[in-house]
Amino acid sequence: MLELHDVRVGYGRIEVVHGVDLSVDRGEVIGMIGPNGAGKSSILRSICGLVRPSSGKVTFEGRVLTGMAPEQIANLGLALVPEGRHIFKTLTVAENLRLGARDEAKVGELMEQTLARFPILRERAAQRADRLSGGEQQQLAIARALLGRPKLLILDEPSLGLAPKMIDIIYGLLGELREEGVTMLLVEQNAARTIDFCDRCLVLSTGKVRAQGSREELQRNPDVLRAYLGRQP
Amino acid sequence: MSGMRFRTPRSAAASLLVPLALIAITALLGANGTPSLQDTVTTILCNLIIVIGLQVFVGNSGVYSFGQLGFATAGAYIAAFLTLPAAFALLQTPGLPHFIVDAHLGALPSILIAAGISGLLAIVVGLPLMRTSTLAIPISTFAFLIVVYNVVANWDRVTGGSSGLVSIPSTTSVQSAALWAGAAVILALAYKWSASGYRLQATREDEVAARSIGIGVMRERLIAFGLSGVLCGIGGALAVHQSGVLNPATFYFGATVTTMTMLVVGGARSVFGATIGAIAIATVNELLRGVENGASLLGAISIGEAPGLAAIGLGLILLATMIAMPNGLSGGREAGELFWLQRLGLSAAAPAPSSATTVEKQAIDRPAKGALRAQGISLAFAGLRVLKGVDLTLEPGEALGLIGPNGAGKTTLVNVLSGFQAPDSGTVSLDGVDVTGRSPTHLARDGLGRTFQAALPFPELSGVESVAVGAMGMGVSRRRAIAVAADVLGRLGLLEQARLPAGALPPGSQRLLGIARALAIEPRYLLLDEPAAGLDEAECEQLVTILRDVLSDFGCGILLIEHDMNIVMPLCSRVQVLDDGMTIRIGAPREVQADPAVVESYLGSSFLAGVDA
């Protein structure tokens, strides 16, 4: 579904991603973990068209994304839930959700489905988005992305700044989406949780993939994880 | 000393000498030319002074002002009044007081008086205008420009009205204009590199973060506004002494647009940018005007008249620059900061500082007793009650954890404590003094430091500058500010990265830099809002070590909002739990962690499962 081939990303003279390959198949949940500066966010940015790779190729369902504008890529069915949420602060919750929809004919139906899944958002539908708590804002960001019925949901640190219990709630929701077959690409700081949650994880460090595999495969070589992730898992 | 500094002597020299050399070259080309070329070059140099005046305010504050030409108008009229021969004065300005008419000053004193009065006017006008918001200043300054125009155009008996003044003695030469322009460059750079200049630049980079380290935004803007008024007044006075004629439209819309274009095309953030912008645009403008009036290229191809070509050309240049070089031709850099100059050996980047010396602590005089205390704090946003009578006490030398679900009111409480949000009821006291309602700037000077959920770096300032400006906000000398910065950066392990622009650092370093910046005000109390958010696990461990050192070395009290219990538990001696705007538990970390209510509302049962396993 999504293929990255030998993608390199640089800012000015400094290259931060040194040739990364990645493939995500339909229905898969893939995680990327690694220390800050490993290049995780740069890879996401290159997929979504926010930065142009200096070399390499990104394809989605056979179409080359490299060089496309972010909004064109979004219209192909890739939805990014950015780090820091980036909701539309002064609009209401309902307006935020409405803006996420791309299929105008089915807006009502999609809104209903989404609000059923996120009861707190139904309760707060008429409130300004910046009056929501951090956890509620994160739910709103995910819900807004889902309204576009994305083929691939990309999440950049969905647990950032959230209370432990709220992280459980968010991952409960993401788990439901996984059961329904939503394809996801996930970047997180918490390695243990991500390895548990995803079908397959890539361990990145200083711009390269150092290890990858399922939870069982990764747990078989703890030395690699310790080397690149510190104390965990 | 630590060997830490903002720039090398060679870089400073290059930043100063390159613009001066450009002015000298321009002047030399003009001085040896035809009288008409001399006039053109003198005009360019007068405009250059006004553009540098604009740079002082716009470049350092990041706020656009469309009113500065009003000060050029003021300077020009005052210089004209003081030098107009008596016979012409009687005819043109019968309403002018006699002592002014009889002054008959020479060029230099008239310019100095014009500069002084323009500066005073800028301070008086700036007092209300600088109170308006960042977004309102362009509009309110523009309104000022219109007011000046209308006063000058309609006060016929004093200003000669819309027909203006003629026969003003022409005393400005290429040489004198060049000397003044050189002085303007020196003044602008001296201001930019002064403690006050750095404080204003910090407000440009991030207003909220600047207030949190004790910088008075309005005060710093007002200083630059006044200085800008002085320079614009000089430019106006010199210009009128060159042309000999003056009318209300001389320094109005047209001149405002032209000088602003010069500043933006050159790059507003640097004096170098202002210099090259003014010279380059003026040169292009003159060439286009030549073509506009019909000219021949190389004597072969003749071009007919093309009215409006100069204006269209300027517009296109502005547009092209904005698209291709958003920071202008200079990239916002001073000459000494240009890479190619550094590579040629004509300038040098600041060296990575090696080691820091310890600075004597608490040179800032603050009472060393009491605590930070909040009592009965309540606050509602549009009917939504966020805080419902919260008490909090933070002693110097202790670390208090503040935890609770998202939306519990933790950040709002920190905003109340640090003055960013006034409570509806309740009091905040600092070392026994009631400080409820004091501004963030005031509280920072009282010894209250804080960080924010986002790192809020000063992207264009280097790490050293970002931290030193915190100490400068306390009013300490530049030298001491740099020493404090070196000390703090050394403790936080940031020395290596300190000479890079803060915006270029990885997120983890930016967060640490935010803590360093808050420490540079030598706070008695430090409020940290989710310092570990976005840090990886190695960085989190480093953060715990650093905060432990801060507790023991600085002796300040730390209030820590943090969701990562691996950071809260080892650091904090007490933990306070907020839920729905109320304190539900205060106690030792172990007790709080085991409290069923805390688990229910905040930690979640999976946390307990994790602890058991």
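Note that the structure is predicted; figures quoted are calculated from it, not measured. (Residues numbered from 1 in each chain as written. Chains lettered and ligands numbered in written order. Predicted model: local features only at pLDDT ≥ 70, side-chain atom pairs only at ≥ 80, totals over all residues.)

Participant: Lay out the interface of chain B and chain A in plain terms, naming residues and giving numbers.
Facilitator: Of the residues lining the interface, 23 residues belong to chain B; the matching set on chain A comes to 21 residues. Of all elements in the fold, only helix 21 (507-519), helix 22 (537-554), helix 25 (596-603) and helix 26 (605-612) of chain B reach the threshold of two or more residues within the side of chain B that touches chain A. When residues in the side of chain B that touches chain A are grouped by element, the largest group, three residues, is from helix 22 of chain B. (Contact = placed C-beta atoms within 7 Å. Helix = DSSP H or I, 4+ residues; strand = E, 2+ residues; numbered from the N terminus.)

Participant: Break down the nonpolar core for me, citing the residues and quoting the values.
Facilitator: Residue and element names in this part refer to chain B. In this structure, Ala468, Ala471, Ala485, Leu489, Ala516, Ala520 and Leu560 are the most contacted members of the largest nonpolar core, which totals 98 residues. Considering every element that reaches this core, the biggest residue donor is helix 20 (residues 478-491), with eight residues. Each of domain 1 (10-250) and domain 2 (372-612) contributes no fewer than three residues to this core. Beyond its immediate chain neighbours, meaning those up to four positions away, Ala468 contacts Ala481, Ile482, Val484, Ala485 and Ala520. (Core = buried A, V, L, I, M, F, W, Y, C linked by C-beta atoms within 7 Å. Buried ≥ 20, exposed ≤ 12 C-beta atoms within 10 Å, placed from the backbone. Domains from an automatic or database assignment.)

Participant: Please set out helix 22 of chain B residue by residue, giving values where relevant.
Facilitator: All names here are of chain B. Here helix 22 spans 25 Å end to end across 18 residues, near enough to the 26 Å set by a 1.5 Å rise per residue. Taken together, the buried positions of helix 22 are occupied by Glu537, Glu539, Leu543, Leu547, Val550 and Phe554. Along the long axis of helix 22, the arc covered by the buried residues comes to 140°, so they all point the same way. Of the residues in helix 22, the exposed ones pointing more than 90 degrees away from the buried face are Thr545, Asp549 and Ser552. (Expected span 1.5 Å × (residues − 1). Arc of directions from axis to C-beta.)

Participant: Just give me the short version of helix 9 (residues 174-192) of chain B, but keep the residues and values in it.
Facilitator: Under the 1.5 Å per step criterion, the end-to-end length of helix 9 of chain B is 27 Å for 19 residues, consistent within 8% with the ideal 27 Å. Within helix 9 of chain B, burial applies to Val174(B), Ala177(B), Ala178(B), Trp180(B), Ala181(B), Ala184(B), Val185(B), Ala188(B), Leu189(B), Tyr191(B) and Lys192(B).

Participant: Summarise the packing of helix 2 (residues 35-61) of chain B against helix 14 (residues 271-292) of chain B; cite the residues concerned and give the values.
Facilitator: Residue and element names in this part refer to chain B. Remark: helix 2 packs on helix 14, axes separated minimally by 9 Å, with the N-to-C direction vectors making an angle of 145°. Where helix 2 crosses over helix 14, the handedness of that crossing is right-handed. When helix 2 is examined against helix 14, the residues Thr40, Ile44, Asn47, Leu48, Val51, Ile52 and Gln55 are found in contact with a partner set consisting of Val271, Ala274, Thr275, Gly277, Ala278, Ile279, Ala282 and Glu286. (Axes fitted to C-alpha atoms, helices over the stretch in contact; angles between N-to-C directions. Left-handed = near helix turned anticlockwise from the far one by under 90°.)

Participant: Any chance you could break down the domain arrangement of chain B for me, citing the residues and the numbers?
Facilitator: All names here are of chain B. Domain annotation for chain B reports domain 1 (10-250) and domain 2 (372-612). Using only C-alpha atoms to locate each centre, domain 1 and domain 2 end up separated by 44 Å. Residue-level contacts link 15 residues of domain 1 with 23 residues of domain 2. Listed by contribution, the elements that provide at least two residues to the side of domain 1 that touches domain 2 are helix 10 (195-205) and helix 11 (207-212). At six residues, the largest contribution of residues to the side of domain 1 that touches domain 2 is made by helix 10. Class assignment for the residues of the side of domain 1 that touches domain 2 results in seven nonpolar, four polar and four charged. (Nonpolar A, V, L, I, M, F, W, Y, C, P; charged D, E, K, R; others polar.)

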